[in-house]
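Geometric and topological summary
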Amino acid sequence: KAVVSTQSTGNIFNGSRHDEISQAHATVKCPKVTRAIYQLMNIDDDHLDLMHENGSTRCDIRVPSNELGDKIREGFDEGAQLAITILSSMGIEEAIESKEIE
């Protein structure tokens, strides 16, 4: 029996590593990852109020509790127009990047 070992470079959200060993004929599931860019409209009660380019809005993404979150809050408080990149996978959605819109 052939055995295949795969090793990922790390969890896309927290950097933790995962190894998997499976039979060569086994089906290994690969998570679907999506990336969307939204314009920041407001920060309300530790949540980002976001608008997609198609006009849809959402307010269910929390402000990250790290350097990125500090950068987003600072830019918003200074009146900057910000584009926020949201990464989604395996039922988790998080802001991963912020850029000023010119």
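Structural data are supplied above this passage.
Residues numbered from 1 in each chain as written. Predicted model: local features only at pLDDT ≥ 70, side-chain atom pairs only at ≥ 80, totals over all residues. Heavy atoms only, no water.

Let's talk about the environment of Leu 82
Mapped onto the elements, Leu 82 comes out in strand E6 (residues 82-89). A relative accessible area of 5% means that Leu 82 is categorised as buried. When the C-alpha atoms of Leu 82 and Tyr 38 are compared, they prove to be 8.4 Å apart, with 44 residues separating the residues in sequence. Apart from the residues lying within four places of it in its own chain, the contact partners of Leu 82 are Tyr 38, Gln 39, Leu 40, Ile 72, Gly 75, Phe 76, Ser 98, Lys 99, Glu 100 and Ile 101. (Helix = DSSP H or I, 4+ residues; strand = E, 2+ residues; numbered from the N terminus. Buried < 20%, exposed > 50% of the residue type's maximum accessible area, 1.4 Å probe, protein only. Contact = heavy atoms within 4.5 Å.)

With respect to the sheet that holds strand E3 (residues 33-44)
Taking strand neighbours across the sheet as the criterion, the five strands line up as E5-E4-E3-E6-E7 in an open arrangement whose pairing is antiparallel. Edge positions in the sheet fall to strand E5 (57-62) and strand E7 (92-100), since each has one partner strand and no second. The sheet shows a mean angle of 40° between the axes of neighbouring strands, direction not considered. When strand E4 (residues 47-52) meets E5, the two strands line up antiparallel, connected through four bridges. Note on E5: the bridge partner recorded for His 47 is Arg 62. Seen against the sheet, helix H1 (residues 67-77) touches E3, E4, E6 and E7 and runs at an angle of roughly 45° to E3. (Pairing = 2+ DSSP bridges. Axes fitted to C-alpha atoms, helices over the stretch in contact; angles between N-to-C directions.)

Here's the deal with the nonpolar core
Judged by nonpolar contacts, the single largest core of 15 residues is most densely connected at Leu 40, Leu 48, Leu 50, Ile 72, Ile 84 and Ile 86. At the level of secondary structure, the elements contributing two or more residues to this core comprise E3, E4, H1 and E6. Element by element, the count of residues in this core is highest for E3, at four residues. With residues near it in sequence (within four places) discarded, Ile 84 still touches Ala 36, Ile 37, Tyr 38, Leu 40, Leu 48, Leu 50, Ile 72, Ala 95, Glu 97 and Ser 98. (Core = buried A, V, L, I, M, F, W, Y, C linked by side-chain atoms within 4.5 Å.)

Topic: the side chain of Arg 58
You can see Arg 58 is positioned in strand E5. Engagement of the side chain of Arg 58 in a polar contact is seen with the side chain of Tyr 38, the distance being 3.3 Å. Within polar-contact distance, the side chain of Arg 58 engages the side chain of Asp 60 at 2.8 Å. With residues up to four places along the chain from it excluded, the contact list for Arg 58 reads Tyr 38, Leu 48, Asp 49, Leu 50 and Glu 93. (Polar contact = N/O pair within 3.5 Å; in protein donor to acceptor, adjacent residues only side chain to side chain.)

A short note on the pattern of salt bridges
If charged atoms from side chains of opposite charge come close, those side chains can pair. All chains considered together, the criterion is met by three salt bridges. Here Arg 73 and Asp 46 are joined by a salt bridge, their closest N and O atoms 2.4 Å apart. In this pair, Arg 73 sits in helix H1 while Asp 46 sits in the loop between E3 and E4, placing the two residues 27 residues apart along the sequence. Residue classification places Arg 73 among the partly exposed positions, given a relative accessible area of 30%. Asp 46 sits in the partly exposed class, given a relative accessible area of 34%. Put simply, Arg 58 and Asp 60 hold a salt bridge, and the shortest N to O gap is 2.8 Å. Residues participating in the shared-partner salt-bridge network are Arg 58, Asp 60 and Glu 93. (Salt bridge = Lys/Arg side-chain N within 4 Å of Asp/Glu carboxyl O.)

All we've got here are geometric facts, nothing functional implied.
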